[in-house]
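Report on the structure
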Amino acid sequence: PRAPITIVEYTDFQCPYCRQEKGVLADLMKHYGDSVRLLVKQMPITQLHPHAMAAALMFEAVARQDPMKAFQLYDDLYENQERLDRDGQAYLEAAVGRLGIDSARALRDQHSAEIQAVVNADLKEGEGFGFTGTPGFLVNGVSLQGAYPLESFVRLIDRQLAARASGTRAD
């Protein structure tokens, strides 16, 4: 939580570009350790991805119980995106069942007004930053729209960390 670098990801669990970026983000987390934290925000593109909203709602429902289990679901959904595409809600329920949390509660929460409000707020926030598709990122407030290679993130993060160390502002 006290990491000097915060990456906010606006994601869609059915988006192939978001799936691609999952590996980039995992590499960043390994490389920078406690210097980077990831916040996941929902931006389901329902016009293209019919199960994206259900996945976003389920992620937030799981996060309400256990944020670390939500990241396990995040990994599962991207690693098995084809199954989500094919089986939709049935796959989500099976994936949550493997997490060792209260699945019935997660299913109830997935359909709750509170969780819908969280996802709607994320969508509005992402649109407010000018994101028109996924993935979208804010790296300490610097906006990146689309899929980027690891090197692009490294340059940006290194610049941010160097500025912090010198007491200057990185633009």
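Here, the structure is the one placed above.
Quick summary incoming for the structure in this document.

Cut-offs and rules
- Residues numbered from 1 in each chain as written.
- Predicted model: local features only at pLDDT ≥ 70, side-chain atom pairs only at ≥ 80, totals over all residues.
- Heavy atoms only, no water.
- Helix = DSSP H or I, 4+ residues; strand = E, 2+ residues; numbered from the N terminus.
- Rg over C-alpha atoms; globule rule 2.2 N^0.38 Å.
- Areas by Shrake-Rupley, 256 points an atom, 1.4 Å probe, with all protein chains shown as cover.
- Lys, Arg positive; Asp, Glu negative; His and termini not counted.
- Charge placed at Lys NZ, Arg CZ, Asp CG, Glu CD.
- Buried < 20%, exposed > 50% of the residue type's maximum accessible area, 1.4 Å probe, protein only.
- Arc of directions from axis to C-beta.
- Contact = heavy atoms within 4.5 Å.
- Polar contact = N/O pair within 3.5 Å; in protein donor to acceptor, adjacent residues only side chain to side chain.
- Phe/Tyr/Trp six-rings, centres within 6.5 Å; stacked < 30°, edge-to-face > 60°.
- Core = buried A, V, L, I, M, F, W, Y, C linked by side-chain atoms within 4.5 Å.
- Pairing = 2+ DSSP bridges.

A word on the overall build of the chain. From N to C terminus, the chain includes 8 helices and 4 strands. A compact globule built from 171 residues would reach a C-alpha radius of gyration of about 16 Å, and the chain, at 16 Å, matches this within 12%. With the C-alpha coordinates aligned to their principal axes, the bounding extent of the chain is approximately 50 × 30 × 30 Å. With the model as given, the accessible surface of the chain reaches about 8,500 Å², and the carbon-plus-sulfur share is 52%. Taken as two groups, the 18 positive and 23 negative side-chain charges of the chain have centres that lie 4 Å from each other.

In this section: helix α6 (residues 103-110). Along an α-helix, residues three or four apart share an orientation, since each turn contains 3.6 residues. Taken residue by residue, α6 has A106, D109 and Q110 as its buried positions. Buried residues of α6, seen end-on, are gathered within an arc of 105° and therefore sit on one face of the element. In this fold, the buried residues of α6 make contact with α2 (52-65), α5 (89-97) and α7 (113-128). One side-chain oxygen at the N-terminal end of α6 lies 3.3 Å from the backbone nitrogen of A104; it belongs to D102.

In total, this model carries 11 aromatic pairs according to the counting rule given. Relative to F153, the ring of Y148 has its centre 6.4 Å away and its plane inclined at 80°; by these criteria the two rings are edge-to-face. When its relative accessible area of 26% is taken as the criterion, Y148 is described as partly exposed. What links up through ring pairs into an aromatic cluster is the set F13, F59, F71, Y74 and Y78.

Another point: the nonpolar core. In this structure, I7, V62, L73 and I157 are the most contacted members of the largest nonpolar core, which totals 35 residues. Contributions of two or more residues to this core are made by β1 (5-11), α1 (16-32), β2 (36-42), α2, α3 (67-79), α5, β3 (136-139) and α8 (150-166). Core analysis: the second largest hydrophobic core is formed by 12 residues, M43, I45, V119 and F131 among them.

Time to look at the pairing of β3. The alternating pattern of β3 places G136 and L138 on one face and F137 and V139 on the opposite face, and all of these are buried. Pairing of β1 with β3, which is carried by 4 bridges, proceeds in the antiparallel orientation. Across the sheet, V8 pairs through a bridge with L138, a residue of β3. Pairing geometry for β3 and strand β4 (residues 142-145), over 4 bridges, is antiparallel. Bridge pairing links G136 to Q145 in β4. Taken together, β3 and the strand that follows it, β4, pair antiparallel across an intervening segment of 2 residues, in which N140 is found at a positive phi of about 50°.

Purely spatial values, then, with no claim about function.
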